[in-house]
Each structure stands twice: as structure tokens, then as C-alpha cells.
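Chain by chain, the residues:
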Amino acid sequence: MIAASGRPTAPNTGIDVASSSRRNDSSISVHRSLLIRILGALALLFLVTDLAVQTIDAEWHPDAFIWPHIVRFVDLNREVSLPTWFSVSMLSSAALLAGIIATAAWSAGDRYRRHWAALAILFAGFSIDEGAQIHDSQGSTPLREIVGTDGLFYYAWVIPAGISALIAAIVFARFILALPPTTRRLFILSAVTFVVGAIGFEMVSGWFTENYPDAQLGYATLTSLEEFFEMSGAILLIAGLLDYASQRLGQTILIWTTEPSDRTRPTAPGMSPERGG
């Protein structure tokens, strides 16, 4: 069951995850400010590490047998790497938080409940795309050949992506304006940061690739910055979602039970009927 309680929340407390049974209650408090600092520090660490490794690889070409695996492991632009896992985790967490808020908003009959549900689906889609790299630049090659784009639009997928971002801004404008001030600022900053990374740096990377096809280090630097901005946007989004949850929901609690559903045999952990599950 997902419920919103009216209990007061400490300034730095975002969401409590509680495990409930008849004999024992426990909870985990998420402290927003500390969490966001840790996530931001990790994103910066990934960027610095990747830039350092890419520079060493381009300038000195280490021949140690483990070196290619190190490069792949820290590469922000690789599908199978630690930074990509981090990005997918951030976007998935944002989708989960938006889903929790959407569920509470739906139960309360909030006028923007559909917006929250749409955001949860959107963020889930972003996480899938980040992990599977559906929007990968190579996928825009047929569109580039059809439209004949070059320069900043060398990667032609940025055209439909930019149009989609503009439409989303229009559709969600009233929703964003109705948010609490701090949440609204974080959401706007998150959107701008993410779009600058996903579309802005992609456009610059396309221009750079077309004009300097052999400058691998320069291209690697641009793609690393692109991914860093996307990470930062996701982290700011999580901060905004936690801020909204603490201000408007009081304290959002995830509760699951381990009580059997009947007297004859136990069942998998689930929702108890008396709690609306």
C-alpha cells in the first residue's frame, strides 16, 4: 500500500520506507540534502575519472592487458559501464518517486494527477533509453540521409527531440507553475540541465564529428560532458521530487506486510485487504 500520512517531517527528511508487521516496525529515512550531495559528488567523480582515463588512453596508449577493460568500465558513453548504470539508476529512481507521488495524487483526486503519472512513465522511458541507448547517434543516420542535415544537426535525431521537448514544455507549463517554489525551481533547472546535455551537447558533438573526424579525444570529452549534464539533470529532478513529497505529502510511506493471507498456508509478501491492497 502507498499512503500519505499527516505526520510532521523533519526539514531534511524526504521519504520513509517502512516494513510493517504485527510485532515489529522499522523505517529508513532519506535525508535529501545529504543524498543529493552524495549523488552530485559521484557524478563529478565519474566525469573526472572518465576524462582522465580518456586522456591517458589517447596520449600514451597503455598496452597493459587490463587497460581496455578500465577504459570501458569508466566510459560515460558506453552502454555497459559503471556511469551508465548510475544514470539508469537515477532515472529509474526518479520514475519511482514520480510514481509514488502520482499514486498519492490520484488517491486525493489532485487535478494534476495525470501529469504526475505521465512524468513517471516519461522518466521510466528515459531510463530504458539510457540503458539500451535507443536514441544512439547511429540510429539517426537514415533520418540524416533523408533530410540532408549537417553541422549542428549532423545527428538528425536532435530535431524531433527538440520539437518533443518544446511540446512537453507547453503541455506541462501550468503544472510546473502550480508546484511549490523550491520544487518548481529544481524542476526547471533539472529540465534545462538535461536538455543542454542531451540535445545541446549532442548538437555540438555532431558538428565536431563532421569537421574533426579524427579528433577522438575531443569527441570523447564532448560526449562525457553530455552524459554528465544528463546525470546532473536527473539528480536535480530527484531533489525536486523529494522536496515536493516532503512539502505536500507530509511523509510518504511504502508499507508491505509479511502476514499470510489465510490460515492454512503463507503467501508471498503482499498487500493486506484491510489496508486497501
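Reading the values: the criteria
Residues numbered from 1 in each chain as written. Predicted model: local features only at pLDDT ≥ 70, side-chain atom pairs only at ≥ 80, totals over all residues. Heavy atoms only, no water. Helix = DSSP H or I, 4+ residues; strand = E, 2+ residues; numbered from the N terminus. Buried < 20%, exposed > 50% of the residue type's maximum accessible area, 1.4 Å probe, protein only. Contact = heavy atoms within 4.5 Å. Lys, Arg positive; Asp, Glu negative; His and termini not counted. Salt bridge = Lys/Arg side-chain N within 4 Å of Asp/Glu carboxyl O. Polar contact = N/O pair within 3.5 Å; in protein donor to acceptor, adjacent residues only side chain to side chain. Expected span 1.5 Å × (residues − 1). Patch = residues over 30% accessible without salt bridge, like charges linked within 9 Å, V, L, I, M, F, W, Y side chains within 5 Å. Areas by Shrake-Rupley, 256 points an atom, 1.4 Å probe, with all protein chains shown as cover. Core = buried A, V, L, I, M, F, W, Y, C linked by side-chain atoms within 4.5 Å. Axes fitted to C-alpha atoms, helices over the stretch in contact; angles between N-to-C directions. Parallel < 35°, antiparallel > 145°, perpendicular 65-115°, else oblique. Left-handed = near helix turned anticlockwise from the far one by under 90°. Nonpolar A, V, L, I, M, F, W, Y, C, P; charged D, E, K, R; others polar.

A. Broad picture of the overall build of the protein chain. In terms of regular secondary structure, the protein chain is built from nine helices and four strands. Secondary structure elements of the protein chain occur, N-terminal to C-terminal, as β-β-β-α-α-α-α-α-α-α-α-α-β. Counting all 277 residues of the protein chain, 39% fall into the buried class. The long-range fraction of contacts in the protein chain, counting pairs at least 24 apart against all pairs at least 6 apart in sequence, stands at 68%.

B. Molecular detail of unusual backbone geometry. Phi at His61 is positive, roughly 50 degrees, even though this residue is not glycine. For His61, the location among the structural elements is in the loop between helix H1 (32–60) and helix H2 (67–74). On the basis of relative accessibility, which here comes to 56%, the residue His61 falls in the exposed class.

C. Structural detail: the side chain of Asp243. You can see Asp243 is positioned in helix H9 (residues 216–248). Here Asp243 sits buried without a salt bridge, and the closest side chain of opposite charge, Arg32, lies 4.0 Å off (N-O distance). Only 2.5 Å separates the side chain of Asp243 from the side chain of Thr183, close enough to count as a polar contact. Those residues in contact with Asp243 that sit more than four places away from it in its chain are Arg32, Thr182, Thr183 and Leu186.

D. Helix H4 (residues 113–132), seen in detail. End to end, H4 covers 29 Å across 20 residues, agreeing with the expected 28 Å (1.5 Å per residue, within 8%). Taken as a whole, H4 has its buried residues at Arg113, Trp116, Leu119, Ala120, Phe123, Ser127, Asp129 and Glu130. Tucked inside the fold, the buried residues of H4 contact helix H3 (82–108), helix H7 (173–177), helix H8 (181–211) and H9.

E. Local environment of the environment of Gly151. Checked against the element boundaries, Gly151 lands in the loop between helix H5 (141–147) and helix H6 (158–171). Along the chain, Gly151 and Ser205 lie 54 residues apart, while their C-alpha atoms are 9.4 Å from each other. Setting aside anything within four residues of it in sequence, one finds Gly151 in contact with Met203, Gly206, Trp207 and Glu210.

F. Looking closely at a nonpolar patch on the surface. Residues Leu152, Phe153, Val204, Trp207 and Tyr212 make up a contiguous nonpolar surface patch of roughly 460 Å² in combined accessible area. Mapping Tyr212 onto the fold places it in the loop between H8 and H9. Take Tyr212: its relative accessible area is 45%, and that puts it in the partly exposed class.

G. View of the nonpolar core. The biggest cluster of nonpolar side chains holds 46 residues, and the ones touching the most others in it are Phe86, Trp116, Phe175, Phe187 and Leu241. Looking at this core, the elements with two or more residues in it are H1, H3, H4, H6, H7, H8 and H9. Trp116 has contacts with Ala98, Ile101, Ala102, Ala105, Phe175, Leu179, Phe187, Leu241 and Tyr244, leaving out every residue within four places of it along the chain.

H. Fine view of the packing of H6 against H8. Packing of H6 against H8 leaves a shortest axis separation of 10 Å and a crossing angle of 155 degrees. With respect to H8, the axis of H6 lies roughly antiparallel. Judged by the sense of rotation from one axis to the other, the crossing of H6 with H8 is left-handed. Facing H6, whose interface residues are Val158, Ala161, Gly162 and Ala165, H8 presents Ile199, Glu202 and Met203. Residues that form the contact of H6 with H8 fall into these classes: five nonpolar, one polar and one charged.

In short, shape yes, function no, at least from these values alone.
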